[in-house]
Amino acid sequence: MAIDRRKLIIEAATKSFSLFGYKATTMDQIAKLANVGKGTIYTFFKNKEDLFYEIITSLLKEMKEAAEQFMHSDLPFHEKVDRTLYKLLEFRKEHQLYIKLFQEESDIGTPEVQEVMLRIEESILNYIKNIILEAIQNGEIKECEPEITAFVILKLYISLIFDWEKHHEPLKKEEISKLFKLYLFQGLST
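Within each chain, residues carry numbers counting from 1 in the order of the written sequence. A pLDDT threshold of at least 70 governs which residues receive local features in this predicted model, and a stricter bar of 80 or more applies before side-chain atom pairs are shown or counted, although totals over entire chains, interfaces and linings include all residues. Just so you know, side-chain values use all the structure's heavy atoms and leave hydrogens and water out.

Attention now moves to the side chain of T84. For T84, the location among the structural elements is in helix α5 (residues 77-94). We call two N or O atoms a polar contact when they sit within 3.5 Å, provided that within protein one can donate a hydrogen and the other can accept it, with sequence-adjacent residues counted only if both atoms are side-chain atoms. Polar contacts involving the side chain of T84 include one to the main-chain carbonyl oxygen of K80, which spans 2.7 Å. Discounting chain neighbours no more than four positions away, the residues touching T84 are A67, F70, Y127 and I131. For helices the rule is a DSSP run of H or I covering at least 4 residues; for strands it is a run of E covering at least 2, with both sets numbered from the N terminus onward. Working rule for contacts: check all heavy atoms of both residues, and any pair within 4.5 Å makes them a contact.

Structure, rendered in structure tokens:
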């Protein structure tokens, strides 16, 4: 049986990026982890950045697949957005590569990592925007600026999941859903 060297390289690089981050990962480390010669890596990828983007593209695909289950459901708009966002942010919170990249972006500010994190956020925003456009077309929500609304929804969710727990007890999923519905759909006015 033939060995899929490309797959071995991607798996080794994912492991190295997850453990050491983008900046500290070298092609030598990846070659050693994949048990291939360094030259073999260059037969599949131009450089470390090319390999990194291949992995991130795969990560984005996984995130999209995790969220897809709610996109075309018959759930009301607020539940669809709530479940989709929770799934995406849960994915971000549990995926080791994402966690390491988030740390590297905060601590070091590596330009390649900043670019990737922006790409991930833009992908999530675009996904939410499409849910909003569909909801407007279906008459589920009022006319609004989908891009700004997607941004507000994402930032509210990030605040409730990540920022809140920096200094407080983490909120349960049900509490987040309840707050999300209150602030975005019911409003605070009596």
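Interface extent is often summarised as the accessible area lost during association of the parts. Domains are outlined according to an automatic or database domain assignment. For the protein, the assigned domains read domain 1 (1-45) and domain 2 (56-186). Relative placement of domain 1 and domain 2: their C-alpha centres are 30 Å apart. Taken together, the contacts link eight residues of domain 1 with eight residues of domain 2. Across the domain 1 to domain 2 interface the summed buried area is about 630 Å²; carbon plus sulfur atoms make up 68%. Buried area: the accessible area, evaluated with a 1.4 Å probe, that two parts lose upon being put together, summed over both parts. When residues of domain 1 are sorted by the area they lose upon contact with domain 2, S18, Y22 and K23 head the list and together hold 68% of the total.

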